[in-house]
Amino acid sequence: MPWHRKSVCVYCGSRSGNRPAYAEAARETGRMLARNRWRLVYGAGDVGLMGETARAAMAAGAEALGVIPAHLVSREAGKRDLSAFVVTETMHERKKVMFMNSDAILVLPGGGGSLDEFFEVLTWRQLGLHSKPILLVNAEGYWDPLVALIDRIVAEGFAEASLRGFVTVAADAAGAETLLARAFGG
């Protein structure tokens, strides 16, 4: 079966977190991407949830584009056996290359970097700079406080109600698969 020309950017932690369910969600996301023949676009790390997602995707036959800034190659153990490996000068350039090479954004549990990436693409969507789907994979309810914060931002008058509509929450990778297939017209 030929590769679909769809790529999914996955933002997630360079750490695994404290719950085994987070790593399982990352592995299932990787397998789900491969099953649908969607290319993984991610931060090129071979550690934490990034590594879990990439290893599972590639083991199941997916293509993977990894993008990493030079200063993180050793810290995040840059995964070099990818379909494509891009080293950028800055974090900003990394985010731009990842975004420009994807058709949808999927956010697994993660820390400050994942939140930075999420809020940047959410803000760009709010400003009308793109219409790519943005999905949160809510493993173990991890993103519940973030969704509540977005609801509060709207309720307190700091954003239009449309802001909440730009973010779709999936309980797990299977839910994300259904949402992405619908968004991709399949």
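Since this is a predicted model, take the numbers as computed values, not measurements.

Reading the values: the criteria
- Residues numbered from 1 in each chain as written.
- Predicted model: local features only at pLDDT ≥ 70, side-chain atom pairs only at ≥ 80, totals over all residues.
- Heavy atoms only, no water.
- Helix = DSSP H or I, 4+ residues; strand = E, 2+ residues; numbered from the N terminus.
- Rg over C-alpha atoms; globule rule 2.2 N^0.38 Å.
- 1 Å grid on protein atoms, 1.4 Å probe; cavity = no way out; pocket = protein on both sides within 12 Å on 5 of 7 lines; lining within 4 Å.
- Points joined across faces, edges and corners; volume = space filled by probe spheres on them.
- Nonpolar A, V, L, I, M, F, W, Y, C, P; charged D, E, K, R; others polar.
- Phe/Tyr/Trp six-rings, centres within 6.5 Å; stacked < 30°, edge-to-face > 60°.
- Buried < 20%, exposed > 50% of the residue type's maximum accessible area, 1.4 Å probe, protein only.
- Pairing = 2+ DSSP bridges.
- Axes fitted to C-alpha atoms, helices over the stretch in contact; angles between N-to-C directions.
- Contact = heavy atoms within 4.5 Å.

Looking at the overall build of the protein
On a plain count of helices and strands, the protein comes out with seven helices and seven strands. Going from the N terminus to the C terminus, the protein shows its helices and strands as β-α-β-α-β-β-α-β-α-β-α-α-β-α. Taking 16 Å as the expected radius of gyration for a compact globule of 186 residues, we find that the protein reaches 15 Å, a close match to that expectation. Its C-alpha atoms give the protein principal-axis dimensions of about 45 × 35 × 35 Å.

With respect to the layout of surface pockets
Any empty space left between the atoms is revealed when a probe the size of a water molecule rolls over them. A volume near 500 Å³ is recorded for the largest pocket. Together, 29 residues line the largest pocket, and C12, G13, S14, R15 and G111 are the ones closest to its centre. Going through the elements one at a time, β1 (7–11), α2 (48–59), α3 (91–100) and α4 (112–126) are the ones with two or more residues in the lining of the largest pocket. With five residues, α4 is the single largest residue contributor to the lining of the largest pocket. A breakdown of the residues in the lining of the largest pocket according to their chemical character gives twelve nonpolar, eleven polar and six charged.

Thoughts on the packing of aromatic side chains
Within the structure shown, the criterion is met by five aromatic pairs. For the pair Y22 and Y142, a centre-to-centre distance of 5.4 Å together with 75° between the ring planes defines the contact as edge-to-face. Placement of the pair is Y22 in helix α1 (residues 20–35) and Y142 in the loop between β6 (134–137) and α5 (144–155), with a sequence separation of 120 residues. A relative accessible area of 9% means that Y22 is categorised as buried. For the ring pair W38 and F184, a centre distance of 5.1 Å and an interplane angle of 85° mean the geometry is edge-to-face.

Structural notes on the sheet that holds strand β2 (residues 39–42)
One open sheet accounts for seven strands, arranged β4-β3-β2-β1-β5-β6-β7; its pairing is parallel. If you trace the sheet from one side to the other, it starts and ends with β4 (84–88) and β7 (167–170), each paired once. Each neighbouring strand pair of the sheet contributes to a mean axis angle of 25°, computed without reference to strand direction. Sitting on the sheet, α1 is in contact with β1, β2 and β5 (104–107), with an inclination near 175° to β1. Each of β1, β2 and β3 (64–69) is contacted by α2, which is oriented at about 160° to β2, the strand it contacts most.

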